[in-house]
Structures are given as structure tokens and as C-alpha cells.
Amino acid sequence: MTRGTTDEQSYDAERAEQLGRRLEREHGISRRTLLRAAAAGVPLLTALGRDALATPQARAQAATAPAPPAPPAAAGPIVKPLPPEWFDLFTTNAEMRWDAVPGLGYEIPAERFFVRNHTATPAIDPATWRLRLFGSGLRRRPGQPEVAEFSLADLRRMPSRTRTAFVECAGNGRSFYASQQGTPAAGTQWRLGAVGVARWRGVPLAEVLERAGLERSAVDVMPQGLDANVISGGADLGHVRRPLPIAKALDDALIAYEMNGAPLPPDHGFPARLIVPGWIGVASIKWLGQIEVADEPLFSPWNTTQYRMIGGDWPADAPPLTRQTIKSAFELPWNAQLPRHRRTLLEGRAWSGGGAPIAAVEVSDDGGARWRRARLHHPNPSEAWVRWSLPWRPRAAGQATLQARARDWRGNVQPATVPFNSNGYLFGAVVRHPVTIV
Ligand SMILES: Nc1nc2c(c(=O)[nH]1)N[C@H]1C(S)=C(S)[C@@H](COP(=O)(O)O)O[C@H]1N2
Ligand SMILES: [Mo]
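Residues numbered from 1 in each chain as written. Chains lettered and ligands numbered in written order. Predicted model: local features only at pLDDT ≥ 70, side-chain atom pairs only at ≥ 80, totals over all residues. Heavy atoms only, no water.

(A) Up close: the packing of aromatic side chains. In this structure the tally under the stated criterion is 13 aromatic pairs. Arranged with centres 5.7 Å apart and planes meeting at 65°, the rings of Phe 90 and Trp 190 form a pair that is edge-to-face. Taken together, the residues Phe 90 in strand β1 (residues 87–90) and Trp 190 in the loop between α5 (175–179) and β7 (195–204) connect sequence positions 100 residues apart. By relative accessible area, Trp 190 is classed as buried at 0%. With a centroid separation of 5.3 Å and an interplanar angle of 80°, the aromatic rings of Phe 330 and Trp 388 are classed as edge-to-face. Remark: Trp 388 occurs in strand β22 (residues 385–392) and Phe 330 occurs in strand β16 (residues 326–330); sequence separation between them is 58 residues. Residues Phe 330 and Trp 388 agree in their burial class; the two are buried. (Phe/Tyr/Trp six-rings, centres within 6.5 Å; stacked < 30°, edge-to-face > 60°. Helix = DSSP H or I, 4+ residues; strand = E, 2+ residues; numbered from the N terminus. Buried < 20%, exposed > 50% of the residue type's maximum accessible area, 1.4 Å probe, protein only.)

In C-alpha cells, the structure reads:
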């Protein structure tokens, strides 16, 4: 049974546990072990089927091999360990703690990257996995199957591209609608940690579309995940899927199979996910299973009822959200204690979905009366982030507020407040970060 909750909270722990128990029962391996092996690229023949031990050799091996220690079954919807000093947990989601970021390099290591799951990380056998493309936007070739299929090996043989980009949830910063603007928004109450930058390697979606026989008449593609159907408010919404206009699909969308130089980990979409640079996270469908290509507009709950601006002063027909907004964050604990009269190096990162690198970051310690310009550190590509720093010497003991304000080269700048929307998407206003001077 799946508990029906809001879009950001649908939960499928019981199902994940059942799956774990079934794998243990049938194959004597825990789900966690299976996923680890899969992530490490170990070929697992039909690991989810009943015939994993079907060959005589495999059975003989299994009979003589020492019984594996019984590691704990996956406890919940996320597979990787989630130490509290790295993550804040929200049911199926894990937020990266910004105070755990100092000392990390430009890219966030996979084990430290935030996770946003509508249900639960699925176990996928890379050996039998196929990406299927079909639909009215593909050429019908006589004598050819109507579905174009690609194995992981097929994708790996194709020309690859590497792209450093952020993945950021549309709801990142949502809690500030309540705490800064007094208008709470429904959904996971993230601070600023539903974002991460990684180096993604894979095949351009354009390349796969071409090989599948893309027609010039195609207007939308709809990538779909292999994770469990999402049940929300008692309704079965089906698999997570969201239409992407063909222009963006052909521009820079990537079918990624590597994250920071290693195979994608289970929680981040193994064996392959979409990366849609600059766009809200839900566009970057994980655990890709199929892509419909259509010569007419496509719809799913993820571009109709969700991930559009509703409520507040928004018109009823606001379009589906595409690009992320602009933000900056301090690499400091919330309510950090900082020493008086001593120089502290304030560090942070800033990023924009506006299609241009960050041009400037300014910091204020007096409620926004005066702003000082931070130093930007290389690299600073667009659709990723820039690290920045600024020395600060607090004078008076007591409560203080730090604010960072980013501007990109297109002129997008963080305002003091943003218009409310009921689901709390795209909080791009300057965040007031509380610190205590001791
Ligand atoms: N199949 C599938 N893809 C998905 C999701 C999901 O639940 N299922 N969540 C989306 C959302 S809302 C976000 S913000 C990103 C999060 O990516 P991450 O978990 O790798 O950080 O994945 C997106 N892709
Ligand atoms: Mo998201």
C-alpha cells in the first residue's frame, strides 16, 4: 500500500521493504547489496527475476559459496546511508546540509548529494534494462519494430558528452515562504539544500532521438521513470514522467549514466537518467525506462496540476515551470556561532537557472542597508554554481543576520521577496541566515 499524501511526500517504504524481503528470500542477497553491486557495474543477470540462479554453474557456485553475512535490508525509500551530519530527512527525501559543504570541492560527491524521490529508489538490473522510444514523432520504418530499444551497452558505445550542471528541486527554499514571508506553502519544507552540482557523462538526448528516427514534426518528448507509480490523494498518477519541449530536448539534455566519473548510484537514477541543464529538477527524470516522442503536445500530472504556479496572484493558466530561479547559500550551520572581533571567512555558492553565469554576489550583515561584494572563485559555468567568499569581522555580540544576493550575467538578481504560490516553487528571494556572535 502506498500512503497518499501531497506531491512531495508520497511514500512507498512498505513496497521497498517488501522488495527487499523478496530479494533476500529468493536470492539470499539483500536489496542494499544488490544495488551496491549494480552501482559498481557488476553484471547481475535478471536479478529481479526468478532465474538469477538458473544456470547449473550459478547454482553450483551458490551451493558452495559461504553464506553471505546478512546485511540489513534497505530500511526505506533511499538506499545510500544518510548520516544526520550530512542530511536532513523528509520522508522519501534527503536535504543536503549546507554546513556539511565546507571543504568539499566544486562537485558534490554522489554520497553527499540531496535525494528527491516521489516514491522509492528502485532496484534495476543493468543487464536487462532497456531504454524504449516510441510515438508519433518517430519515423515508421518498414520492417522495423515500432519501438526503438537501447541497452546500456548501446548507450555507452555512442559518442558521449560530459556536462557539469546543477540538479535543483523546484521546491528548494520552500520553507522560506513561511519563515520569511508568512505564507506557508505545501510540500517538503526544504531550506536551501535541495540542490547539488555534479559532473554528468552520457549521451546527448538528441543523438538517441536521431537514431530512433526523429521526425521534424515532433513537438514534445515524455521521459518516464521506472520507479513505482505515484499514488496521491487516492489517485494513481502512474510513473513519474514530464513532457519536455523538443527544442530543449535537442539543445542540451543528456541521458547520463555517470555521475562524477562513476556509474550513477541507485538513488540518483541508475542505470540512466535525464539531465536537463538549468531546468527544475523534476525535468531530470531518474531511472529512465521509456521516452515517448509525439507530434502533438503531451501532458502528465507533472506539467498540468503540478510544477506550475497556482494560488496567490498567479493567473489560472500559468505555464509549466521550466528554468530554475537564482539563489545563493552560505556554507554555515543555521544559527552558526561565530566569534566576535575575529575575522571569519564567509563562504558560499550561488547559482542561476537563467542561462548565464553568476556575475556578482553581495553580502549584507545589516538587514540589507549596505552590501559588500564577495570574491568569486573559478570555475563559474552557466547552469552550475560558483563558489564565493568574503572575510567578515563581527563587532557586536548577539543575534545577527547574514544575507547573500546573487546576480547573473543576464541581469537576473535575487529580490527581497517573491510572489507567493501555493506549492512554494522557485523561492528566489534573498534568504536571511541567522547567526549568533559570541
Ligand atoms: N523517476 C523519477 N525521476 C525523478 C524523480 C522521481 O521521483 N522519480 N524526482 C525528480 C525530482 S522532483 C527531482 S528534484 C530530482 C532529484 O534528483 P536527485 O534525487 O538525483 O537529487 O529528480 C527528479 N527525477
Ligand atoms: Mo523536485
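(B) Focus on the sheet that holds β22. Reading across from one edge, β16-β18-β22-β21 is the order of the 4 strands in this open sheet, with antiparallel pairing throughout. Across the chains shown, the open sheet's two edge strands, defined by having one partner strand only, are β16 and β21 (375–377). With strand direction ignored, the average angle separating the axes of adjacent strands in the sheet is 30°. (Pairing = 2+ DSSP bridges. Axes fitted to C-alpha atoms, helices over the stretch in contact; angles between N-to-C directions.)

(C) Expanded view of the pattern of salt bridges. For the structure shown, the criterion picks out 16 salt bridges. Measuring nitrogen to oxygen at the nearest pair gives 2.6 Å for the salt bridge that ties Arg 97 to Asp 99. The class of Arg 97 is partly exposed, set by a relative accessible area of 25%. Between Arg 349 and Glu 331 there is a salt bridge whose closest N-O contact spans 2.8 Å. In this pair, Arg 349 sits in strand β18 (residues 344–352) while Glu 331 sits in the loop between β16 and β17 (336–338), placing the two residues 18 residues apart along the sequence. Glu 331 matches Arg 349 in its accessibility class, with the two residues each being buried. Several salt bridges converge on common partners, so that one network encompasses Arg 163, Lys 248, Asp 252, Arg 323 and Glu 383. (Salt bridge = Lys/Arg side-chain N within 4 Å of Asp/Glu carboxyl O.)

(D) Highlighting the site of ligand 1. In the region of ligand 1, 20 residues are neighbours, and His 118, Asp 227, His 268, Arg 273 and Lys 286 sit closest. Note that an oxygen atom of ligand 1 is positioned 2.7 Å from one of the side-chain N or O atoms of Arg 273. For ligand 1, the accessible surface in isolation is 530 Å², of which the surrounding protein chains cover 100%. Taken together, the residues that form the shell around ligand 1 break down as 10 nonpolar, 6 polar and 4 charged. (Near = heavy atom within 4 Å. Polar contact = N/O pair within 3.5 Å; in protein donor to acceptor, adjacent residues only side chain to side chain. Areas by Shrake-Rupley, 256 points an atom, 1.4 Å probe, with all protein chains shown as cover. Nonpolar A, V, L, I, M, F, W, Y, C, P; charged D, E, K, R; others polar.)

(E) Inspection of unusual backbone geometry at higher detail. Residue Pro 271 is bonded to the preceding Phe 270 through a cis peptide linkage, with omega at 5°. With respect to the helices and strands, Pro 271 occurs in the loop between β13 (262–263) and β14 (273–275). In this structure, the amide linkage connecting His 378 to the following residue, Pro 379, adopts the cis form with an omega of 0°. Backbone geometry places Asn 260, a non-glycine residue, at a positive phi of 50°. Of note in the backbone geometry, Asn 335 takes a positive phi value of approximately 60° without being a glycine. By the secondary structure assignment, Asn 335 is in the loop between β16 and β17. Residue classification places Asn 335 among the partly exposed positions, given a relative accessible area of 42%.

(F) Layout of helix α6 (residues 205–212). Three or more residues of α6 are buried, namely Leu 205, Ala 206, Val 208, Leu 209 and Ala 212. Considered in projection along α6, the buried side chains sweep an arc of 165° and stay on one side of the axis. Following α6 by one or two positions, Gly 213 adopts a phi angle in the positive range, close to 95°. (Arc of directions from axis to C-beta.)

(G) The arrangement of the environment of Leu 426 in detail. With respect to the helices, strands and loops of the structure, Leu 426 is situated in the loop between β23 (398–408) and β24 (432–437). Judged by relative accessible area, Leu 426 falls into the buried class, the value being 15%. With 101 residues separating them along the chain, Leu 426 and Thr 325 place their C-alpha atoms 5.8 Å apart. For Leu 426, the residues in contact, after removing those within four places along its chain, are Ala 170, Tyr 177, Ile 280, Met 309, Leu 321, Arg 323, Gln 324 and Thr 325. (Contact = heavy atoms within 4.5 Å.)

(H) Focus on the confidence of the model for the chain. This prediction gives the chain a mean pLDDT of 87; 83% of its residues lie at or above 70. When the elements of the chain are averaged for pLDDT, helix α1 (residues 13–27) gives the smallest value, 35, and β14 the largest, 99. With pLDDT under 50 throughout, residues 1–73 is counted as low confidence; its partners more than four residues away or in other chains account for 125 contacts. (pLDDT = per-residue confidence, 0-100.)

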